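# Observations on the three-dimensional arrangement
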Amino acid sequence: MASKTTNPFTFLQQVRSETAKVTWPSRRETLISTLMVLAFAALAAIFFFAADQLMAWAIELILQIGS
């Protein structure tokens, strides 16, 4: 692919015009998305903690470790 140099001023004008086309989320949309991410992260943490505890218990039972 051929390299084509662009004037930095032209490049910045293009960046500004493209940025103007972006539909930015509202404050409410951002808040809801953030809360959903935090909730799913908490659910994933609980799931993996429970899975880890279950596997540790099963391994102890199989190998008769502990008591």
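What comes next concerns the included structure. (Residues numbered from 1 in each chain as written. Predicted model: local features only at pLDDT ≥ 70, side-chain atom pairs only at ≥ 80, totals over all residues. Heavy atoms only, no water.)

Of the regular secondary structure elements, the protein holds two helices and zero strands. By its C-alpha atoms, the protein is 75 × 40 × 15 Å across when sized along the principal axes. For the protein, buried positions account for 0% of its 67 residues. Accessible area of the protein: about 6700 Å², with a carbon and sulfur share of 70%. (Helix = DSSP H or I, 4+ residues; strand = E, 2+ residues; numbered from the N terminus. Buried < 20%, exposed > 50% of the residue type's maximum accessible area, 1.4 Å probe, protein only. Areas by Shrake-Rupley, 256 points an atom, 1.4 Å probe, with all protein chains shown as cover.)

This part takes up the pattern of salt bridges. Per the stated rule, a full pass over the model turns up one salt bridge. Across the salt bridge formed by Lys21 and Glu18, the nearest N and O atoms sit 3.1 Å from each other. Linking Lys21 with Glu18, this pair stays in helix α1 (residues 8–21), spanning three residues, or about one helical turn. Accessibility expressed as a relative area gives 58% for Lys21, which makes it exposed. Judged by its relative accessible area of 46%, Glu18 is partly exposed. (Salt bridge = Lys/Arg side-chain N within 4 Å of Asp/Glu carboxyl O.)

To continue, consider the packing of aromatic side chains. Within the structure shown, the criterion is met by one aromatic pair. Taking 5.1 Å as the distance between ring centres and 70° as the angle between the ring planes, the aromatic pair formed by Phe47 and Phe48 counts as edge-to-face. Given the relative accessible area of 52%, Phe47 is considered exposed. (Phe/Tyr/Trp six-rings, centres within 6.5 Å; stacked < 30°, edge-to-face > 60°.)

Glancing now at the environment of Trp24. Tracing the chain through its elements places Trp24 in the loop between α1 and α2 (27–63). The spatial distance from the C-alpha of Trp24 to the C-alpha of Phe47 is 33 Å, given a sequence separation of 23 residues.

Glancing now at a nonpolar patch on the surface. On the surface, Ile32, Met36, Phe40 and Leu43 cluster together into a nonpolar patch covering about 410 Å² of accessible area. Here Ile32 lies in helix α2. Take Ile32: its relative accessible area is 36%, and that puts it in the partly exposed class. (Patch = residues over 30% accessible without salt bridge, like charges linked within 9 Å, V, L, I, M, F, W, Y side chains within 5 Å.)

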